Amino acid sequence: MTLDFFLEPPERTVRGELVVEALSPLSMVSAQPGSYYRGATAPSDAMLLGMLENALGWHLGPIDRKAALKSLRKQAKKAHSKTEWADSPWLADDPMGSDSGFVSLLGHHLAFDGLREIPQTLSYDDLWARLQRDPDGRTFFNGSRRYDARIESAITRAKQGRLSFGDRSAHETLSPDEVVRAPDESPVHYKSLRGRFPTYSVSPTPRGYVVPLGEYRFGASATPDVADLLAAALEDPAAPLYLGSNDGWVDARWEVL
Amino acid sequence: MRLHLKLSPNTAPVPFDHLHWLTGVLHKWLGKNEAHDGLSLYSFGWLGGAKPVGEGLQFAGGAEWRVSFVSDDLSDRLRAGIRQDPTVLAGMRVYEIREQITPGFGPAARFLVDGAVLTRQNRDDGGRDHLTYENEAADETLTRTLRTRLDAAGLVDDARQTTARFDRTYDKARTKLVTLKGTRYRASECPVIIEGTPAAVQAAWLLGVGELTGMGLGALK
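Residues numbered from 1 in each chain as written. Chains lettered and ligands numbered in written order. Predicted model: local features only at pLDDT ≥ 70, side-chain atom pairs only at ≥ 80, totals over all residues. Heavy atoms only, no water.

Draft legend 1. Structural context of the overall build of chain A. What chain A contains, in helices and strands, is 7 helices and 8 strands. Here chain A has a C-alpha radius of gyration of 25 Å; the compact-globule value for 257 residues is 18 Å, and the former is much larger. Its C-alpha atoms put chain A at 75 × 45 × 25 Å along the principal axes. Chain A carries 29 positive and 35 negative side-chain charges, and their two centres are separated by 9 Å. (Helix = DSSP H or I, 4+ residues; strand = E, 2+ residues; numbered from the N terminus. Rg over C-alpha atoms; globule rule 2.2 N^0.38 Å. Lys, Arg positive; Asp, Glu negative; His and termini not counted. Charge placed at Lys NZ, Arg CZ, Asp CG, Glu CD.)

Draft legend 2. Expanded view of unusual backbone geometry. Residues and elements named next belong to chain A. If you check the backbone angles, Glu-185 has positive phi at about 70 degrees while not being a glycine. Structurally, the position occupied by Glu-185 is in the loop between helix H6 (176-181) and strand E5 (187-189). Its relative accessible area of 61% is what places Glu-185 among the exposed residues. (Buried < 20%, exposed > 50% of the residue type's maximum accessible area, 1.4 Å probe, protein only.)

Draft legend 3. The interface of chain A and chain B, seen in detail. Every contact between the two is made by 13 residues of chain A and, on the other side, 14 residues of chain B. At the boundary of chain A with chain B, total buried surface from both sides reaches about 1300 Å², with 42% on carbon and sulfur atoms. Broken down residue by residue, the surface that chain A buries against chain B is led by Leu-115, Glu-117 and Gln-120 of chain A, which jointly contribute 44%. In this assembly, chain A and chain B are joined by 4 salt bridges. With its nearest N and O atoms 2.8 Å apart, the salt bridge here joins Glu-17 of chain A to Arg-83 of chain B. Viewed at the interface, chain B and chain A are joined by 11 residue pairs in polar contact (both at pLDDT 80 or more). Going through the elements one at a time, strand E1 (14-22) and strand E2 (110-118) of chain A are the ones with two or more residues in the side of chain A that touches chain B. If one sorts the elements of the side of chain A that touches chain B by residue count, E2 of chain A sits on top with 6 residues. Two elements, E2 of chain A and strand E7 (residues 94-100) of chain B, share 3 bridges in a ladder whose sense is parallel. (Contact = heavy atoms within 4.5 Å. Buried area = accessible area lost by both parts, 1.4 Å probe. Salt bridge = Lys/Arg side-chain N within 4 Å of Asp/Glu carboxyl O. Polar contact = N/O pair within 3.5 Å; in protein donor to acceptor, adjacent residues only side chain to side chain. Pairing = 2+ DSSP bridges.)

Draft legend 4. How the structure looks around the nonpolar core. Grouped together as the largest cluster of nonpolar side chains are 46 residues, with contacts concentrated most on Leu-18, Val-20, Leu-106 and Leu-110 of chain A. Listing elements by their share of this core, those giving two or more residues are E1, helix H1 (45-56), helix H2 (62-80), helix H3 (89-92), E2, strand E7 (216-222), helix H7 (224-235) and strand E8 (250-256) of chain A. In terms of residue count, the dominant contributor to this core is H1 of chain A (7 residues). Contacts of Val-20 of chain A, omitting those with residues within four sequence positions, involve Leu-48, Met-51, Glu-215, Tyr-216, Phe-218, Leu-243, Val-250, Asp-251 and Ala-252 of chain A. Val-14, Leu-47, Val-67 and Met-92 of chain B belong to the second-largest nonpolar core, a separate cluster that totals 36 residues. (Core = buried A, V, L, I, M, F, W, Y, C linked by side-chain atoms within 4.5 Å.)

Draft legend 5. Layout of a negative patch on the surface. Where like charges cluster on the molecular surface, the negative patch consists of Asp-4, Glu-8, Glu-11, Glu-84, Asp-225 and Asp-228 of chain A. Here Asp-4 of chain A shows up in the segment before E1. (Patch = residues over 30% accessible without salt bridge, like charges linked within 9 Å, V, L, I, M, F, W, Y side chains within 5 Å. Areas by Shrake-Rupley, 256 points an atom, 1.4 Å probe, with all protein chains shown as cover.)

Draft legend 6. Local environment of the pattern of salt bridges. Under the definition given, this model contains 30 salt bridges over all chains. Between Arg-150 of chain A and Asp-148 of chain A there is a salt bridge, with the nearest N and O atoms lying 2.7 Å from each other. Accessibility expressed as a relative area gives 23% for Asp-148 of chain A, which makes it partly exposed. For Arg-128 of chain B, the salt bridge is made with Glu-211 of chain B, and the minimal N-O distance between the two is 3.3 Å. With Arg-128 of chain B in strand E10 (residues 128-131) and Glu-211 of chain B in the segment after helix H5 (198-207), this residue pair connects regions lying 83 residues apart in the sequence. In this structure Glu-211 of chain B comes out as buried when scored by relative accessible area, which is 12%. Here the residues in one salt-bridge network are Glu-17, Glu-117, Glu-215, Arg-217, Arg-253 and Glu-255 of chain A together with Asp-76, Arg-79, Arg-83 and Glu-99 of chain B, joined through shared partners.

Draft legend 7. The pairing of strand E11 (residues 163-166) of chain B, seen in detail. Residue and element names in this part refer to chain B. Side chains of E11 alternate between two faces, with Ala-164 and Phe-166 buried and Thr-163 and Arg-165 left unburied. Pairing geometry for E11 and strand E14 (residues 192-195), over 4 bridges, is antiparallel. Within E14, the residue paired with Arg-165 across the bridge is Ile-193.

Draft legend 8. Summary view of helix H2 (residues 72-84) of chain B. Residues and elements named next belong to chain B. Here H2 is 13 residues long and its end C-alpha atoms lie 19 Å apart, about the 18 Å a rise of 1.5 Å per residue gives. Listed as buried for H2 are Leu-74, Ser-75, Leu-78, Arg-79, Gly-81, Ile-82 and Arg-83. The N-terminus of H2 is capped by Ser-71, whose side-chain oxygen sits 3.2 Å from the backbone nitrogen of Asp-73. (Expected span 1.5 Å × (residues − 1).)

Draft legend 9. Spatial organisation of H2 of chain A. Residues and elements named next belong to chain A. Its 19 residues give H2 an end-to-end C-alpha distance of 26 Å, which sits within 8% of 27 Å, the value for a rise of 1.5 Å per residue. Those residues of H2 lying buried are Arg-65, Ala-68, Leu-69, Leu-72, Arg-73, Ala-76 and His-80. Buried positions in H2, seen along its axis, are confined to an arc of 130 degrees and lie on one side of it. In this structure, H2 carries Ile-63, Lys-66, Lys-70, Lys-74 and Lys-78 as exposed residues pointing more than 90 degrees from its buried face. In this fold, the buried residues of H2 make contact with H1 and H3. (Arc of directions from axis to C-beta.)

Draft legend 10. A look at the pairing of E7 of chain A. All names here are of chain A. With 7 of its 7 residues buried, E7 lies for the most part within the structure. Neither face of E7 is left uncovered, since the one carrying Tyr-216, Phe-218, Ala-220 and Ala-222 and the one carrying Arg-217, Gly-219 and Ser-221 both have all their residues buried. As paired strands, E1 and E7 are joined by 7 bridges and run antiparallel to one another. Note on E7: the bridge partner recorded for Val-19 is Arg-217. Pairing of E2 with E7, which is carried by 5 bridges, proceeds in the antiparallel orientation. Directly across from Arg-116, in E7, lies its bridge partner Phe-218.

Structure representation (structure tokens):
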């Protein structure tokens, strides 16, 4: 994996187009919403950059990514601190990231110029199995389909309204065995059964999907090195390409204008 | 196919009579083509999102513009042209092109007009009278021009069964004076009802109705 392209000043002299064809329905959710994952009809710039990094094989987590950017910027600063680039965002800041915190390594050397073509899309909602962590013990209670069989009778009594679960001061924190033996109408704190549920619960969540009826096209400009990298990577991607969720498979190509 | 173009806000006032500029922009994108001088097999609506300010129009939130073609070849050329040069006028530029595949409307449909519709009738002395939606004779000329253009689009058999008429039950119908390169035309802002084969109704939605569709009149929503 070579990131030498970052050391060159971001003179984006190559104008091209990223052409994306969906191979399956896409669910492109740009923010972390509440109970409904609203899918967009077109990917955001951050999603496209993420897809391209997959094609290039750059699978870096947030910590390694930040460290890589810091180190690259340090090297670039050293070489260009006395040039016209000294105060440029390239040497000063991380490129703009997504709402979910993703920051692309390509962000300074590849920019989408705003012109985009969006095909007609068919849309529908589906249920999506959302994995969620529940530190305070409230969400899993109504959301998880799996729990320890030893609390089955307590869950049944809760569904029948014979045990009152809540998180107010009147609700007592008991051990799981005490909950099972607790008399009817007892107020019990949610946390009492936390240990008998999985660390992550799986909750079916409505999520928007689109089926694009044609190709997407995004106008872009890139440095010559990055343009070459993209063309080669999209010809023979290092990993399956996707947009939105990881089953939103796509095919993509880079065309120089 | 219909293309919905999204335009960025203007940086200079847009003149009220800018329709011929839009025509010019379209032909800049299409390049040299047979659609320029012949019968127009496309239509385009008026820029949406305007507010009159002083001597011109202001598109503070940008504009939306619908352009329709019966030929996919022409719509492809338009998109390629936009990619080369997305500027429109008064500092506005295209930043999004959204495709809309032609919906199925069945054998009859009522369409709102995207702008205004022009119909005229030849006089014996060689002049032409403007017919507005208030004049029932307008339906005959609307039908005749639509059939001619359906013929030109290759829908010869469908054209014979197709009719177009103004929906005179619409209570907000009105006429509008449209200026094109200094010439003023009395056009109608009134919904139009198209009846015919499903293919002809679809084609009419793309072609528009009445005269001067290549100059920005007669587009249907």
